[in-house]
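Per-entry structural report
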Amino acid sequence: MGANCLCTLVMAKRQGRASRRRKRRGCVDPEARAAETADIGRGLMTTKALQPGDLVIALPEKCLLTTSTVLRSYLGEYIERWKPRLSPLQALCTFLIAERHFGSRSPWKPYIDVLPKAYTCPVYLAEEVIDLFPSPLVKKIQEQKSVVQELYLTSKCFFGSLQPLFSEHVENVFTYDALRWAWCSINTRTVYMEHEQSEFFSREPDVYALAPYLDLLNHRPSAQVAAAFNQKSKHYEIRTVTKCRRYEQVFICYGPHDNQRLLLEYGFLAGSNPHSVVHVGKDILCSHLSQKDKLVNRKLLFLQDNGLLENLAFGLDGPSWRLLTVLKVFCLKAEEYLLKKKVLLGLPASADNERSSLDLADELSSHLMNENQKVMQQFSKLMHERAEVSEQLELVATLRMEELRILQASVEVLRNMRAATPR
């Protein structure tokens with residue numbers, strides 16, 4: 001099984017040069033080693049200089065934990081006869097919970113042991129902490145918590161059917177906390193890998209694969225690697241796209257995600273993240289629109305029909321094109337409203353409209369900065385009163401300070417844009 005392969009890996013680290021030739025057939029390239037760094041922590045270091053296209057990791061299919069692994073296990077017969085069909089995610093969560101419970105009896109113990117005991121994903125955060133995040137993120141966190149809660153509730157009957165496999169009551173094994181841990185383990189650590197749809201699962205996409213050792217790779221926004229399952233070699237491979245110096249940590253990029261997305265999906269924040277922005281929620285936007293504008297509802301409908309009311313944001317380079325375009329539409333006077341499609345094409349409606357939209361952008365950024373300051377006051381109070389959530393509160397502080405830097409930069413950009421706008 002995959003865990004036995006992982007055990008081989010751990011032992012191989014102590015065998016010296018003589019084992020290198022043998023390890024080429026194992027789970028990982030011999031030049032990639034686990035390492036601990038002071039600033040980032042555990043990661044994967046290369047012991048030789050890597051060139052573009054070089055292989056970093058080659059993990060054989062038998063080392064991957066997938067739904068096929070679960071169907072071949074003691075859970076297989078229970079899954080095959082269960083109706084309604086489980087989703088691939090439910091099956092993997094169930095397997096992880098069971099294997100963790102079995103402890104030293106589990107052949108996957110070496111892998112289970114290196115997984116975090118708890119996560120800093122939002123589903124683990126205290127409600128008081130969640131309330132301190134920006135409102136667009138709070139909404140997504142609550143949606144995510146509902147998804148996990150629903151997954152637990154819809155899985156309880158199947159968990160009950162597994163009682164013959166356990167000496168203690170399954171209610172004590174398959175708890176909400178256990179399901180939350182398994183869900184986070186899968187959500188934060190699986191690699192994308194398409195599998196043939198099994199008749200024993202629901203029609204939800206089966207694209208999960210837990211890859212022992214591979215998840216030592218840390219995220220860096222600027223990292224460039226090619227990762228995919230090689231159907232010919234039957235290995236999951238990661239190759240460098242750029243050069244990597246000897247004894248450097250090898251990184252992978254999870255995608256061009258801002259820090260809110262990284263926190264939501266992976267439970268961490270990336271320092272100096274070039275993709276970070278400050279999101280402007282629809283509720284905040286609408287609260288700053290003129291109540292005297294009789295066309296405001298028509299403008300909202302027009303923008304919604306054109307898919308422009310989502311992903312509005314401020315960045316280090318000022319308001320995004322989408323946000324500024326939306327503001328220009330809202331600032332159109334009644335006699336200019338027929339020019340709305342022209343605005344979507346990036347053409348100016350009038351100098352007055354340009355100035356009004358920049359003023360509204362400045363108003364929004366000022367509002368967001370004021371909200372930021374209020375939250376930081378609440379943060380200081382909570383930090384003093386709730387020491388047990390100090391690690392969670394540090395996430396709030398980091399995200400809020402990043403937000404403030406972005407807004408301050410946006411204010412400066414807006415000032416320059418206004419100065420360049422004709423009067």
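Below is a short write-up of the structure. (Residues numbered from 1 in each chain as written. Predicted model: local features only at pLDDT ≥ 70, side-chain atom pairs only at ≥ 80, totals over all residues. Heavy atoms only, no water.)

On to the sheet that holds strand 7 (residues 225-230), then. Taking strand neighbours across the sheet as the criterion, the three strands line up as 3-8-7 in an open arrangement whose pairing is antiparallel. In the strand order of this sheet, the two ends are held by strand 3 (55-60) and strand 7, each with one partner. Strand-to-strand, the axes of this sheet are offset by a mean angle of 10°, without reference to chain direction. Pairing of strand 7 with strand 8 (residues 235-240), which is carried by six bridges, proceeds in the antiparallel orientation. Across the sheet, A226 pairs through a bridge with R239, a residue of strand 8. (Pairing = 2+ DSSP bridges. Helix = DSSP H or I, 4+ residues; strand = E, 2+ residues; numbered from the N terminus. Axes fitted to C-alpha atoms, helices over the stretch in contact; angles between N-to-C directions.)

Bringing the layout of surface pockets into the picture now. Of the volumes computed, that of the largest pocket is approximately 1400 Å³. Taken together, the elements giving at least two residues each to the lining of the largest pocket come down to strand 2 (41-46), helix 10 (176-189), strand 4 (190-192), strand 6 (218-219), strand 8, strand 9 (249-252), helix 11 (259-266) and helix 17 (390-419). Lining the second largest pocket are 14 residues, with P136, K139, G281, K282 and E310 sitting closest to its centre. When residues of the lining of the second largest pocket are traced back to their parent elements, those giving at least two are helix 8 (135-161) and helix 12 (282-287). Sort the elements by how many residues they give to the lining of the second largest pocket and helix 8 lands first, with five residues. (1 Å grid on protein atoms, 1.4 Å probe; cavity = no way out; pocket = protein on both sides within 12 Å on 5 of 7 lines; lining within 4 Å. Points joined across faces, edges and corners; volume = space filled by probe spheres on them.)

Turning our eyes to something else, we now look at the sheet that holds strand 12 (residues 318-319). Taken in spatial order, the three strands of this open sheet run 10-11-12, and their pairing is antiparallel. Looking at strand neighbours, the two that pair on one side only are strand 10 (278-279) and strand 12, the edges of this open sheet. In this structure, strand 10 lies alongside strand 11 (residues 313-315), joined through two bridges in antiparallel fashion. When the bridges of strand 11 are listed, V278 appears paired with F314.

In total, this model carries two cavities of 30 Å³ or more according to the counting rule given. Quantified by volume, the second largest cavity comes out at close to 50 Å³. For the lining of the second largest cavity, the element with the most residues is helix 17, which contributes four residues. For the lining of the second largest cavity, the per-class residue count stands at four nonpolar, one polar and three charged. (Nonpolar A, V, L, I, M, F, W, Y, C, P; charged D, E, K, R; others polar.)

Attention now goes to the nonpolar core. By size, the foremost hydrophobic cluster in this structure holds 44 residues, and its most contacted members are I79 and F174. Looking at this core, the elements that each hand over two or more residues are helix 3 (67-72), helix 4 (76-81), helix 5 (88-102), helix 6 (109-114), helix 8, helix 9 (170-173) and helix 10. Per-element tally for this core: the top contributor is helix 5, with nine residues. Sequence-distant contacts of I79, that is, excluding residues within four places in its chain, are made with V70, L71, R85, L86, A91, F158, F200 and F201. Counting residues in hydrophobic clusters, the runner-up holds 36 residues, among them F302, L303, V329 and C331. (Core = buried A, V, L, I, M, F, W, Y, C linked by side-chain atoms within 4.5 Å. Buried < 20%, exposed > 50% of the residue type's maximum accessible area, 1.4 Å probe, protein only. Contact = heavy atoms within 4.5 Å.)

This brings us to helix 10. In this model, helix 10 (14 residues) spans 20 Å end to end at C-alpha, consistent with the 20 Å of a helix rising 1.5 Å per residue. Burial analysis of helix 10 places 11 of its 14 residues in the buried class, the great majority of the element. Listed as buried for helix 10 are A178, L179, R180, W181, A182, W183, C184, S185, I186, T188 and R189. (Expected span 1.5 Å × (residues − 1).)

Let us now look at the pattern of salt bridges. Evaluated as defined, the whole model comprises 17 salt bridges. One salt bridge in this structure joins E388 and R386, with 2.2 Å as the shortest N-O distance. E412 serves as the salt-bridge partner of R415, at 2.5 Å between the closest nitrogen and oxygen. One end of the pair is R415 and the other is E412, both in helix 17 and three residues apart, which spans about a single turn. Because the salt bridges share partners, they merge into one network encompassing E128, R386 and E388. (Salt bridge = Lys/Arg side-chain N within 4 Å of Asp/Glu carboxyl O.)

Between two aromatic rings, the relevant description is the distance of the centres plus the angle of the planes. Under the criterion given, the structure shown has 12 aromatic pairs. Between Y74 and F102, the ring centres sit 5.6 Å apart and the planes meet at 75°, which makes this aromatic pair edge-to-face. Pair noted here: Y74 is in the loop between helix 3 and helix 4 and F102 is in helix 5, with a separation of 28 residues, a long-range link. Aromatic side chains W82 and F158 sit 5.5 Å apart centroid to centroid with 70° between the ring planes, which places their arrangement in the edge-to-face category. (Phe/Tyr/Trp six-rings, centres within 6.5 Å; stacked < 30°, edge-to-face > 60°.)

This part covers the environment of G53. Tracing the backbone through its elements, the reader meets G53 in the loop between strand 2 and strand 3. Exposure remark for G53: the relative accessible area of 37% places this residue in the partly exposed category. Along the backbone, G53 and L404 are 351 residues apart, and their C-alpha atoms lie at a distance of 39 Å.

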